[in-house]
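# A closer look at the structure
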Amino acid sequence: MEKLPKVGLPILIGIIILVIVIAKSAVTIDSGEAGVLFKTFGEGVVTDEPPMGEGFHIVAPWNKVYIYEVRQQELFEKMKVLSSNGLEIQIDASAWYEPVYDQLGNLHQSLGQGYLQRVIQPAIRSAARSVIGRYTPDDLYSTKRDAIQVEIFEETKKILDKQYVQLNEVLVRDVTLPPTIKEAIERKLKQEQASLEYEFRLVTAEKEAEKVIIEAKGKADANRILSASLTDKILQDKGIEATVKLSESENSKVIVIGSGDSGMPIILGNQ
């Protein structure tokens, strides 16, 4: 009976050690994440193999696994930048980004888990200052905002493509101008709108006048052509035709309409 505890103690110690080893060796990677393996007694960060995917993994207890979120993430930025004429403008923008999955080991080796602060934020700020510096406040307030957004995206992407980070989109959510500049631009836009409306009315009135002139000219030309075509013979035939119709009336008696070829008057009537 006294020997049983002595035999059981090493077994208990062995079980405890095994639990500790398993606990340190077991790695669970959640959905939307990936792991970068660091071999303490090897070459360090593993860059020549794909990252560790989702699920349960067993690694040597002396090695380490660094977990990264590989889903698309969003960065919100409020930046104060200068326009081409030196005015300070505030821009609210957001960037959609994610690490390049197959290059996660290189990302960890070169930038580490703080890559957002090390490269993404400086890149988008630099691109925004560069692009906004080419435009005036009028451009930022007008329809050129979409073009500015595209340029910021393209310049930021050029930087991040070399840093193992994939940039999916840059959105310029708001542009805040100094109050005096904003009011001046709004007045200018209202004046331009009023001018366009006045020009439209002038063009409409001019076209209406041209229409009236064309219609009057057409009527005049028609009357002139009709007058030129009405010879004496045509007028005489038209008069005879009208007289015949009149003679057929019950109230008509005797109608003298002129002389025929023999010089005698033509008399029509009913009995």
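Residues numbered from 1 in each chain as written. Predicted model: local features only at pLDDT ≥ 70, side-chain atom pairs only at ≥ 80, totals over all residues. Heavy atoms only, no water.

### With respect to the pattern of salt bridges
Filter applied, for reference: A pair is scored as a salt bridge if a Lys or Arg side-chain nitrogen falls within 4 Å of a carboxyl oxygen belonging to Asp or Glu. In this text, helices come from DSSP runs of H or I with a minimum length of four residues, and strands from runs of E with a minimum of two, each type numbered from the N-terminal end. Exposed residues in this analysis have more than 50% of their type's maximum accessible area, buried residues have under 20%, and partly exposed residues fall in between, with area computed by a 1.4 Å probe over protein chains only.
The full count for this structure, using the stated rule, is seven salt bridges. Across the pair Arg 173 and Glu 74 runs a salt bridge whose closest N-O atoms are separated by 2.8 Å. Residue Arg 173 is located in strand S8 (residues 165–176), and its partner Glu 74 is located in strand S6 (residues 73–82); the two are separated by 99 residues in the primary sequence. In this structure Arg 173 comes out as partly exposed when scored by relative accessible area, which is 44%. Overall, Glu 74 belongs to the partly exposed group, its relative accessible area being 34%. The shortest N-O distance in the salt bridge between Glu 155 and Arg 134 comes to 2.2 Å. Of this pair, Glu 155 sits in helix H5 (residues 145–160) while Arg 134 sits in the loop between helix H3 (115–132) and helix H4 (137–141); the two residues are 21 residues apart in sequence, bridging distant segments of the chain. Residue classification places Arg 134 among the partly exposed positions, given a relative accessible area of 44%. Linked by salt bridges that have partners in common, Arg 134, Glu 151 and Glu 155 make up one network.

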